[in-house]
Amino acid sequence: MADRDTFLKEFRGETLGTISAQSSADELFQNQTIRPILKLQNDLFIAVFINYVNKNKADFYSYTVEKKLQVIENSIQKDIKFRNSLKGIVIALFTIEEYNTYIQNSSSLNKRMMNLLIERLKSHVQMFELESNSQ
């Protein structure tokens, strides 16, 4: 187990975001664990979302940018199966210690995780336009 945990921490990279003495436990977890995983898995999240819209939102590429942003948010907030799949992609890269921390306050941490992921996908909305041009 220790080998896996060491590998994961080295593989994911450094803490992202600001940490101060006033940072809450959730904020520390977000910046030390969730953000590095989201950054590492960014290309996978984009591929997963493209697959999702291709299967579930055939007309996604014809939407306005505003509508695409709304679809990104609604898909993650309202499609529980999709949301759980995305959570699994993140949780799979937790160390055992991080998982034990996560299960203590999973509701709050899930909210942070999904909000960060929504913002990350929204910031890549242009890629979803490029994707439609390559089809």
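That block above? That's the structure.
Novice: Would you explain the pattern of salt bridges in this entry?
Specialist: Oppositely charged side chains can form a pair if their charged atoms are brought close together. Applying the stated criterion across every chain, the model contains four salt bridges. A salt bridge links Glu-73 to Lys-122; its shortest N-O distance comes to 2.6 Å. With Glu-73 in helix 4 (residues 65-78) and Lys-122 in helix 7 (residues 106-123), the pair connects residues that are 49 residues apart, well separated along the chain. Take Glu-73: its relative accessible area is 27%, and that puts it in the partly exposed class. Put simply, Glu-73, Glu-119 and Lys-122 are held in one network by salt bridges that share partners.

Novice: I tried to follow the nonpolar core on my own but got confused; where do I start?
Specialist: A general tendency of soluble globular proteins is for nonpolar side chains to be buried together. Within the largest apolar cluster, 32 residues are counted, with the highest numbers of intra-cluster contacts made by Phe-45, Phe-49, Ile-76, Leu-86, Leu-117, Leu-121 and Phe-128. No other element matches helix 7, which puts seven residues into this core. For Leu-117, the residues in contact, after removing those within four places along its chain, are Leu-38, Phe-45, Ile-76 and Leu-86.

Novice: Mind showing me how you'd approach helix 2 (residues 25-40) here?
Specialist: An α-helical turn contains 3.6 residues, so any two residues separated by three or four positions project in the same direction. The first and last C-alpha atoms of helix 2 sit 22 Å apart over 16 residues, in line with the 22 Å expected at 1.5 Å per residue. Within helix 2, the axis deviates most sharply at Asn-31, by approximately 35 degrees. Buried residues of helix 2: Asp-26, Phe-29, Gln-30, Asn-31, Thr-33, Ile-34, Pro-36, Ile-37 and Leu-38, and no others. Taken together, the buried residues of helix 2 touch helix 1 (2-12), helix 3 (42-56), helix 5 (80-91), helix 6 (96-104) and helix 7.

Novice: Help me out: how do you make sense of the packing of aromatic side chains in this one?
Specialist: Given two aromatic rings, their pairing is described by the distance between the two centres and the angle made by the two planes. Counting across every chain of the model gives ten aromatic pairs. Both rings, one in Phe-29 and one in Phe-94, keep their centres 5.4 Å apart while their planes meet at 85 degrees; by these two values the pair is edge-to-face. Of the two residues, Phe-29 is situated in helix 2 and Phe-94 in the loop between helix 5 and helix 6; the sequence distance between them amounts to 65 residues. One exposure class covers both Phe-29 and Phe-94, and it is buried. Where Phe-49 meets Phe-82, the ring centres are 6.3 Å apart and the plane angle is 50 degrees; that geometry is what we call tilted. Of the two residues, Phe-49 is situated in helix 3 and Phe-82 in helix 5; the sequence distance between them amounts to 33 residues. Taken individually, Phe-49 and Phe-82 each receive the classification buried, so the pair is uniform in this respect. Among the aromatic residues, ring-to-ring pairing joins Phe-49, Tyr-52, Phe-60, Tyr-61, Tyr-63 and Phe-82 into one connected group.

Conventions we followed
Residues numbered from 1 in each chain as written. Predicted model: local features only at pLDDT ≥ 70, side-chain atom pairs only at ≥ 80, totals over all residues. Heavy atoms only, no water. Salt bridge = Lys/Arg side-chain N within 4 Å of Asp/Glu carboxyl O. Helix = DSSP H or I, 4+ residues; strand = E, 2+ residues; numbered from the N terminus. Buried < 20%, exposed > 50% of the residue type's maximum accessible area, 1.4 Å probe, protein only. Core = buried A, V, L, I, M, F, W, Y, C linked by side-chain atoms within 4.5 Å. Contact = heavy atoms within 4.5 Å. Expected span 1.5 Å × (residues − 1). Bend = angle between axes of the 7 residues up to and from the residue. Phe/Tyr/Trp six-rings, centres within 6.5 Å; stacked < 30°, edge-to-face > 60°.

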